[in-house]
Amino acid sequence: MKELLTPRKLVVRIALAGIVLIVVMFVCSLIGAESVSLKAAFRGVGEHPAVNPDYEIFVKVRLPRIILAAIVGAALACSGVVFQVLLRNPLADPYILGISSGAGLGTIIAVLSGFNWTLWGRSPIAVFAFAGALGTVWLVWFIGRLTGKFHVTGLLLAGVVVNAFFSAVIMFLTSVAQSQQIHATIFWLMGNMTEEDFFVLWIGGGCVLAGILALFNISPQLNVLSFGEDDARNIGINTARIRTIAFAVAAFITAIAVSLSGLIGFVGLIVPHAVRLVLGPDHRQLLPLSGIIGAIFLVVADTLARIIVAPAQLPVGVVTAIVGGPFFLVLLVRHSRKVSWLK
Amino acid sequence: MKKWLWLSVLIVFWTGAGLAIIDFQQEQNRNDTPPPAQADRIVSMAPNLTEILFALGLEERIVGVTLDSDYPPAATKKLKVGTFWQPNIEAVIAAKPDLVITLGFDQQRNLAERLKRIGYNSLILNIEKVSELFEAIQIIGAATIKQHEANELVHDITKKLDKLLALIGTNDRVRVLWVVQREPLRVAGRDTFINEMIELAGGQNAIGPTLHKYPPIGAEQVIACQPEVIIEPAMNQADPAGQQASALQYWNKFRNVPAVVNKRVYVISGDTVSRLGPRLYEGTKTIARCLRPELFEKLAQ
């Protein structure tokens, strides 16, 4: 029997996880292809910039990238939690309703069109990916609605079919594209972490944080939803409203994550499950802790991606799957007997 | 409802704080560092750029190359800054360059722009045609105060190519199928530098104009285009003999293609023909040798 979750326990756990996140980010920022000494990096800050490579690597390349990984990891993990409860399906992840193929389609269109502008510091690829992701989710949602109000199966099937259809369009465009353009797209589809402007990180991080807070707001209702539609309605919860909010917010933060860093798989699937397996399915705890642990996981995975084949680097999606998969299986075997929801 | 109000206030506050703390305009306009009069620490992001730098006698000033820069041999001893497709920006910065030269591919252009935002000078060069190669040599020459050497290099290459063409003559061009990849079959189309090299070597691309630069083709087109010579650049530098054997085996199924009938399927060393660089003449000569072996045998005697 699991003990009840008290507010105090929740705050302590979130604080602990937050401290771990900060420590991990700090340690990872010291690891990289080039060894950087903090002392050298902050000697003579504010002087002529081009003379201190330690400073530039640490502050302008590595730090933004680590912050980006944390933002994206948190967004994907939280949105994974929400999709799993909304669709009542343990296989659900942030990409299940077509976000990935929609964003992929946006990307390849941006690459093929050869646009060369920036919108608030974002490249056409990021803008098109964001638009493609949200557009596709809206389309799936719309089709799902036509099959009946919040008919989970209808929604899922619509997602699968739209995914397949857009994938086919992506394949077609790939087959007519020039090989060098395909290269750019493929790296993006495997997850592409680069350093970003601090302003972009600030706004992106703000959006994701706001999204997670909004989801946290409705986490008690999400708990009730996980018992089933009818039960939730009987208790007097406006399930349609909660579902719409949760769905829109989760899709929004996923689209932000995707436009920042391409498609990074696995985080949104295994982190929520891992947290649920170890700490239980209460969403008030599951959401914030998944966010923080998702951030830790992606920061570590990205650091590995940076150093394993240095001086080259791996796509981070490869690392998340290779590191995350076995780790998750161990958790699954060790904890699944204790947790009732799997039965 | 109160919670949602607080959340909206928080978002507004956050955005405002961001605008206040981070100087957005300054982040956007950081790339105004003037280029140095003479680049002394150069990073090359592509193997053919490395070859150009070496050919201009800039060996001493190169501080970083990509992993695939293997010619001249001295290039392999230079500091590595990632691969062509996956450049490592940390390694580039650690090399303390005052000029980073990249090609115009998306991946490379992206690196150049990122470096520019941090405050490093970069030079993006498109080298996809022979004329662009000569232009690029001149531009690099100008950036490194080696104009004289650049002119000389271009002059030298064109002179050798002219001589080669004079030797071969331009009448009755040999029809060549240039195979980039066997399974699935992909060949070099008209809009490629390979096509230019084939023509400089006195040949003619057997494949007509296509949508792709390197079109995937079917068996039907192979037979229809009736190539007199089939050339495959060696993919595996270590085992060209193995590829030659497998090539003969593969092409044997096209029994009515002249190149196969006359046993004129060649596997040639890939380096000089897969990069457009200062070894353009050497590459073209290798191709010419495949197109008219009898001519070169006579010359050797």
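Residues numbered from 1 in each chain as written. Chains lettered and ligands numbered in written order. Predicted model: local features only at pLDDT ≥ 70, side-chain atom pairs only at ≥ 80, totals over all residues. Heavy atoms only, no water.

**Q** Honestly, the overall build of chain B in this entry has me stumped. Any pointers?
**A** Tallying secondary structure elements over chain B gives 14 helices and 9 strands in all. Taken against the 2.2 N^0.38 rule, which gives 19 Å for 301 residues, the C-alpha radius of gyration of chain B at 25 Å runs more than 25% over that of a compact globule. By principal-axis analysis of the C-alpha atoms, chain B measures approximately 85 × 55 × 35 Å. The long-range fraction of contacts in chain B, counting pairs at least 24 apart against all pairs at least 6 apart in sequence, stands at 62%. Looking at chain B as shown, the accessible area adds up to about 14,500 Å², and 55% of this sits on carbon and sulfur atoms. With 34 positive and 33 negative side-chain charges, chain B shows a separation of 3 Å between the mean positions of the two kinds. (Helix = DSSP H or I, 4+ residues; strand = E, 2+ residues; numbered from the N terminus. Rg over C-alpha atoms; globule rule 2.2 N^0.38 Å. Contact = heavy atoms within 4.5 Å. Areas by Shrake-Rupley, 256 points an atom, 1.4 Å probe, with all protein chains shown as cover. Lys, Arg positive; Asp, Glu negative; His and termini not counted. Charge placed at Lys NZ, Arg CZ, Asp CG, Glu CD.)

**Q** How should I be thinking about the overall build of chain A in this particular structure?
**A** Counting secondary structure elements, chain A contains 14 helices and 0 strands. Its helices and strands taken in sequence order, chain A reads α-α-α-α-α-α-α-α-α-α-α-α-α-α from the N to the C terminus. A globule of 343 residues ought to have a C-alpha radius of gyration of about 20 Å, and chain A, at 21 Å, matches this closely. Its C-alpha atoms give chain A principal-axis dimensions of about 65 × 50 × 35 Å. Taking all contacts inside chain A whose residues are at least 6 apart in sequence as the whole, residues at least 24 apart take part in 75%. Surface summary for chain A: the accessible area is close to 14,800 Å², and the carbon and sulfur share equals 71%. Averaging the locations of the 23 positively and 14 negatively charged side chains of chain A gives two centres separated by 11 Å.

**Q** Quick question: what am I supposed to make of the interface of chain B and chain A here?
**A** Put simply, an interface is often sized by how much accessible area is lost when its parts join up. With 44 residues of chain B in contact, the opposing surface of chain A contributes 42 residues. For the chain B and chain A pair, buried surface summed over both sides reaches about 4,100 Å², with 59% attributable to carbon and sulfur atoms. Of all residues in chain B, W14, Q86 and E90 of chain B give up the largest surface area on contact with chain A, accounting jointly for 17% of the area buried on that side. One can count 4 salt bridges joining chain B with chain A. Between R114 of chain B and E195 of chain A there is a salt bridge, with the nearest N and O atoms lying 2.7 Å from each other. Along the contact surface separating chain B from chain A lie 6 residue pairs in polar contact (both at pLDDT 80 or more). (Buried area = accessible area lost by both parts, 1.4 Å probe. Salt bridge = Lys/Arg side-chain N within 4 Å of Asp/Glu carboxyl O. Polar contact = N/O pair within 3.5 Å; in protein donor to acceptor, adjacent residues only side chain to side chain.)

**Q** Sorry, what's going on with a nonpolar patch on the surface here?
**A** Residues and elements named next belong to chain A. A cluster of nonpolar side chains, namely V12, L16, I19, V23, F26, V27, L30, I31, I307, I308 and V309, defines an oily patch on the protein surface of about 900 Å² accessible area. Ranked by the residues each element gives to the nonpolar patch, the list is headed by helix α1 (residues 7-30), at 7 residues. Among the secondary structure elements, I31 is positioned in the loop between α1 and α2 (38-41). (Patch = residues over 30% accessible without salt bridge, like charges linked within 9 Å, V, L, I, M, F, W, Y side chains within 5 Å.)

**Q** Please explain the sheet that holds strand β4 (residues 122-125) of chain B as it appears in this structure.
**A** Within a beta sheet, neighbouring strands are joined by backbone hydrogen bonds and run either parallel or antiparallel to one another. Residues and elements named next belong to chain B. In space, the 4 strands of this open sheet follow the order β2-β1-β3-β4, with parallel pairing throughout. Two strands close off the open sheet at either side, each with one partner strand: β2 (62-64) and β4. Neighbour to neighbour, the strand axes of the sheet diverge by 30° on average, direction disregarded. With 4 bridges connecting them, strand β3 (residues 99-103) and β4 associate as parallel partners. What sits directly across from T102, in β4, is I124. Along the sheet face, helix α5 (residues 106-118) touches β3 and β4 and points at about 155° away from the line of β3. Contacting β3 and β4, helix α6 (residues 130-143) runs over the sheet at an angle of about 165° to β4. (Pairing = 2+ DSSP bridges. Axes fitted to C-alpha atoms, helices over the stretch in contact; angles between N-to-C directions.)

**Q** It is not clear to me how empty space enclosed by the protein should be interpreted in this structure. Could you clarify?
**A** Counted under the stated rule, the structure contains 2 cavities of 30 Å³ or more. Estimates place the volume of the largest cavity at around 80 Å³. The wall of the largest cavity is formed by A33, V61, R65, E195, R306 and Q313 of chain A together with N88, I89, E90 and R114 of chain B. Among the residues forming the lining of the largest cavity, the class breakdown is 3 nonpolar, 2 polar and 5 charged. (1 Å grid on protein atoms, 1.4 Å probe; cavity = no way out; pocket = protein on both sides within 12 Å on 5 of 7 lines; lining within 4 Å. Points joined across faces, edges and corners; volume = space filled by probe spheres on them. Nonpolar A, V, L, I, M, F, W, Y, C, P; charged D, E, K, R; others polar.)

**Q** Before we go on, may I ask you to explain the confidence of the model for chain A in this structure?
**A** Regions with low pLDDT should not have their predicted coordinates read in detail. Averaged over all residues, the pLDDT of chain A is 85; the fraction at 70 or higher stands at 93%. Of all the helices and strands in chain A, α2 of chain A carries the lowest mean pLDDT, 74, while helix α13 (residues 283-307) of chain A carries the highest, 93. (pLDDT = per-residue confidence, 0-100.)

**Q** I keep staring at the packing of aromatic side chains and nothing clicks. Help me out?
**A** How two aromatic rings sit relative to each other is given by the distance of their centres and the angle of their planes. For the coordinates displayed, the defined rule picks out 12 aromatic pairs over all chains. Seen in terms of ring centroids, F84 of chain B and W85 of chain B are 4.9 Å apart; in terms of plane orientation they differ by 80°. Their pairing is edge-to-face. When the ring of W251 of chain B is compared with that of F254 of chain B, the centres are 5.4 Å apart and the planes differ by 40°; the resulting orientation is tilted. Pair check on accessibility: W251 of chain B and F254 of chain B agree, each one buried. Taken together, the aromatic side chains of F83, W141 and F247 of chain A make up a single cluster linked through ring pairs. The residue whose ring lies beneath R279 of chain B is Y71 of chain B, and the NZ or CZ to ring-centre distance is 3.4 Å. (Phe/Tyr/Trp six-rings, centres within 6.5 Å; stacked < 30°, edge-to-face > 60°. Buried < 20%, exposed > 50% of the residue type's maximum accessible area, 1.4 Å probe, protein only. Lys NZ or Arg CZ within 6 Å of the ring centre and 35° of its normal.)

**Q** Would you mind going over the pairing of β3 of chain B with me for this structure?
**A** Side chains on a regular strand alternate between the two faces of the sheet. Residue and element names in this part refer to chain B. Counting buried residues along β3, 5 of its 5 residues qualify, which places the element largely inside the surrounding structure. Residues L99, I101 and L103 point to one face of β3 and V100 and T102 to the other, with burial holding for every one of them. Bridge count for strand β1 (residues 42-44) against β3 is 3 bridges, and the pairing is parallel. Looking across to β3, one finds that V43 is bridged to V100. Regarding the hand of the β-α-β motif, the stretch spanning β3, α5 and β4 is right-handed. (Right-handed = clockwise from strand over helix to strand, strands pointing away.)

**Q** When you look at the environment of N126 of chain B in this model, what are you seeing that I'm missing?
**A** Residue and element names in this part refer to chain B. The residue N126 is located in the loop between β4 and α6 in this model. A C-alpha to C-alpha distance of 4.8 Å links N126 and G104, two positions 22 residues apart in sequence. Beyond its immediate stretch of four places on either side in the chain, N126 contacts G104, R109 and E132.

**Q** What is the right way to read the nonpolar core from this model?
**A** The tendency in soluble globular proteins is for nonpolar side chains to be buried as a group. In terms of nonpolar packing, the biggest core is built from 92 residues, with V72, I264 and L298 of chain A touching the most fellow members. In terms of residues, this core owes the most to one element, helix α3 (residues 53-86) of chain A, which gives 16 residues. Residue contacts for I264 of chain A: discarding those within four places in its chain leaves V72, L76, Y95, G191, M193, L298, V316 and T320 of chain A. Counting 55 residues, the second-largest nonpolar core is a separate cluster that includes F84, I101, A188 and Y281 of chain B. (Core = buried A, V, L, I, M, F, W, Y, C linked by side-chain atoms within 4.5 Å.)

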